[in-house]
Amino acid sequence: MITKIVLFSGGIETLMYFSIQMGKEFEKLGIKTFFYDLRDEKNSFEQLEKFIEKDTTVCVSFNFNGCSGEEFLSEEGQINYFEKRGIPFINIVVDHPFYYHKFLPYLPADYVQCSIDKEHEDYIKRFFPEIKVGPFLPLAGTELDSGKMPGWDDRKTEVVFTANYNPPDNYEHLITRNGPEYEKFYRDILRDFIDHPSKELTSTIEKHIRDNFEEADEEGIKNTMPYMIMIDLYIRHYFRGKAVKTLVDAGIPVHVYGAGWETLEVNKKDLLYIHDMTDSRECLERIRQSKISLNVMPWFKRGAHDRVFNSMLNGAVCVTDKSEYLQNELFDFEDVVYYDLEKMEMLTDRVKALLNDRQLWENIQRQGYKKAVEKHTWAKRADEIYSYIIAEMEN
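Here goes a summary of the coordinates provided. No experiment lies behind these values; they were computed from the predicted model shown.

**Focus on the sheet that holds strand β2 (residues 32-37)**
Part 1 of the argument: Spatially, the six strands line up as an open sheet ordered β2-β1-β3-β6-β7-β8, and their pairing is parallel. Either end of the sheet is taken by a strand with one partner, and the two such strands are β2 and β8 (132-133).
Part 2 of the argument: Where strand β1 (residues 4-9) and strand β3 (residues 57-62) come together, three bridges link them in parallel fashion. By the bridge assignment, Lys4 is partnered in β3 with Thr57.
Part 3 of the argument: The strands touched by helix α2 (residues 41-51) within the sheet are β1, β2 and β3, with β2 carrying the most contacts at an inclination of about 155 degrees.

What follows is the structure, given as structure tokens:
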């Protein structure tokens, strides 16, 4: 029977925050948790050795923490510690899998991968059929325990966006590095996404590869995909910048929390309020002080981003672009407000409509909070993982 779970801290701050929220729920379920600190591996490893027990312990990780060649968790760069000790390993991958091909040599034998977007899950099943696929786990949200939820009058910020911004120009050296032929290839892909932002990454990139390289086969496409990471980064930041600029230039003040926003060119600079990059809890506090929380999906076309549910759980109305998953879960002008990336005037109109109609805002805020509490917290995701462990790992 599984009575212990190993989680990870000390890596990317947001992923550690997710782990902490799930850890609280695991503890409520009567499971002992241990956090392996990636910043202090020597001491953590010594404590880990005392904590784990075969047949009673499982690891739950994000983005390959614990199976990416860490000094104390692999031997000769290959043999994973958890495999050696017979500990099952559940890994929740929060980006497109083409970011992580390089980690495959470190995966333990009893390994399960969970995706936060159905496109990502399809990618794993197609290109890495040897990897066991676990439950689909869209990113979830966290409600701050800060007393009574602030209402309309208490929220002095009209629009907030909690995300970093990396100007698309920063990727020019990658686009041009292999000469004119490849530059055209990359720019054609980028233009396709900019003109048709509803398209998914994998299928669109594959079409361009096949159109340009007749000899491309299944293995060649698989091996080419990791070279497309900059395409993902370019388009997600392109649309982040476009969304914020659209609102600011339309006369709507926007508060941004994250790095890089000083590089965004806007016509009404006095309406773009730039705040330093901060941690997850501070982002939630800022959302809790805002009427509207803007979201631009990081190209999850069949998944969700935590900004959506963080917004709903902390009482801001989330204004977001669409995904298939979100549209099945959340209804327009009931739980959230949707806009289209290819019709940015819709974004402006909908934000203004919310700011000019307190009753409409309050109705959506109330319904959105209710929906998120019922289905989209990290506690709910922890419950799903525990149910999977009971059903699949203890039999």
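**Observations concerning the pairing of β1**
Part 1 of the argument: Counting buried positions along β1 yields six of six residues, so the element is predominantly enclosed.
Part 2 of the argument: Of the two faces of β1, the one lined by Lys4, Val6 and Phe8 and the one lined by Ile5, Leu7 and Ser9 are each fully buried.
Part 3 of the argument: Bridge analysis of β1 against β2 gives six bridges, and the strand direction is parallel. Bridging across to β2, Ser9 finds its partner in Asp37.

**What about unusual backbone geometry?**
Part 1 of the argument: If you check the backbone angles, Asn63 has positive phi at about 50 degrees while not being a glycine.
Part 2 of the argument: Looking at the secondary structure, you find Asn63 in the loop between β3 and β4 (74-75).
Part 3 of the argument: By relative accessible area, Asn63 is classed as buried at 10%.
Part 4 of the argument: Unlike most non-glycine residues, Phe333 shows phi in positive territory, near 65 degrees.
Part 5 of the argument: Positionally, Phe333 belongs in the loop between α12 (324-329) and β14 (337-338).

Each value, and the rule that gives it
Residues numbered from 1 in each chain as written. Predicted model: local features only at pLDDT ≥ 70, side-chain atom pairs only at ≥ 80, totals over all residues. Heavy atoms only, no water. Pairing = 2+ DSSP bridges. Helix = DSSP H or I, 4+ residues; strand = E, 2+ residues; numbered from the N terminus. Contact = heavy atoms within 4.5 Å. Axes fitted to C-alpha atoms, helices over the stretch in contact; angles between N-to-C directions. Buried < 20%, exposed > 50% of the residue type's maximum accessible area, 1.4 Å probe, protein only.

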